[in-house]
Each structure stands twice: as C-alpha cells, then as structure tokens.
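Tertiary structure, described
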Amino acid sequence: MPEIRPAPAPCRIVVCRDCCCGSPKVTGIDHTAQTARLAESAPVRISDCLDVCDQANVIVVQPSAAGRAAGGRPVWLGLVNDADATEDILGWVQAGGPGITPLPDILGLYAFKPPGRP
C-alpha cells in the first residue's frame, strides 16, 4: 500500500485589517474584495493591527514549506491599495512565492522591513 503523505504547506497570506488597514481611512480599494481575491489562491489569515499603520494596507506573504526550506522568509508589502498590486501578489504566490520565485521588481516597490525585525 502506498504511503499517504500530507500535501506540503502552501504560501500563506496575512492581511492586516484593523485601525487603518482595511478601513475607510484607506480609500480606492474594496478591502473585502481584496481579501476574498487573495483567498482564492492561498490561505489567508486576517490579523489585527501589525503596527505599521503608515504602510496601510499591509500584506505579509509567508513562504510555503518548500520556500522556507529554500531559505525564504516572510515578505512584508505595504501600500497595497489597488487591484493591480493584489494581482501581482497573487501571480507571485502562484509562481511559488518567497524562497521559490524571486520577488518581482514591481512588488519590490511595495516591500519594506517592519520596525524591530531583522
């Protein structure tokens, strides 16, 4: 009988939705639709404030199990306030995400290092 193995953990997406991110303070994007669209391609976790309100809307792409094994680390993206940026994130996640596929140049414009993190 063949051994049954669980599917490897995929990329995960953390979406900040609290005081600034996901609120009427950030205009020009349907926050609910953005979250739903991201969830079509990867597991999404909604987080309370990630304490980088000046970067609202904040999305963190966490590597898959394979990506982490290859050295990938979470990538923080800020000012993700339009549908094109959301689609760029989805394309990267579908291509493998952190550790598997290099960060596309366009997403490099959104990437930042949160305070207090290496």
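1. Thoughts on the state of the cysteines
Counted under the stated rule, the structure contains 0 disulfides. The thiol sulfur of Cys-20 is not disulfide-bonded, and the nearest other cysteine sulfur, from Cys-53, lies at 3.9 Å.

2. Comments concerning the environment of Val-80
Within the secondary structure, Val-80 is located in the loop between strand E4 (75-77) and helix H3 (83-95). Note: C-alpha distance between Val-80 and Leu-107 (27 residues apart in sequence) is 9.5 Å. Beyond its immediate sequence surroundings of up to four residues, Val-80 is in contact with Ile-29, Gln-34, Asn-57, Ile-59, Ala-85, Thr-86, Ile-89 and Tyr-110.

3. Some thoughts on the environment of Ala-56
Inspection of the secondary structure puts Ala-56 in the loop between strand E2 (44-47) and strand E3 (59-62). For Ala-56, a relative accessible area of 8% puts it in the buried group. Considered as a pair, Ala-56 and Ala-83 are 27 residues apart in the sequence and their alpha carbons are 14 Å apart. Those residues in contact with Ala-56 that sit more than four places away from it in its chain are Cys-20, Cys-21, Val-26, Leu-79 and Asn-81.

4. Topic: the nonpolar core
Ile-13, Leu-38, Leu-77, Val-80, Ile-89 and Val-93 are the most contacted members of the largest nonpolar core, which has 17 residues in total. With 5 residues, the single largest contributor to this core is H3. Contact partners of Leu-38, with chain neighbours within four places excluded, come to Ile-13, Val-15, Val-44, Ile-59, Thr-86, Ile-89 and Leu-90. Counting residues in hydrophobic clusters, the runner-up holds 13 residues, among them Cys-16, Val-26, Ile-29 and Val-60.

Definitions and cut-offs
Residues numbered from 1 in each chain as written. Predicted model: local features only at pLDDT ≥ 70, side-chain atom pairs only at ≥ 80, totals over all residues. Heavy atoms only, no water. Disulfide = S-S within 2.5 Å. Helix = DSSP H or I, 4+ residues; strand = E, 2+ residues; numbered from the N terminus. Contact = heavy atoms within 4.5 Å. Buried < 20%, exposed > 50% of the residue type's maximum accessible area, 1.4 Å probe, protein only. Core = buried A, V, L, I, M, F, W, Y, C linked by side-chain atoms within 4.5 Å.

Spatial relationships are all this shows, so hold off on functional conclusions.
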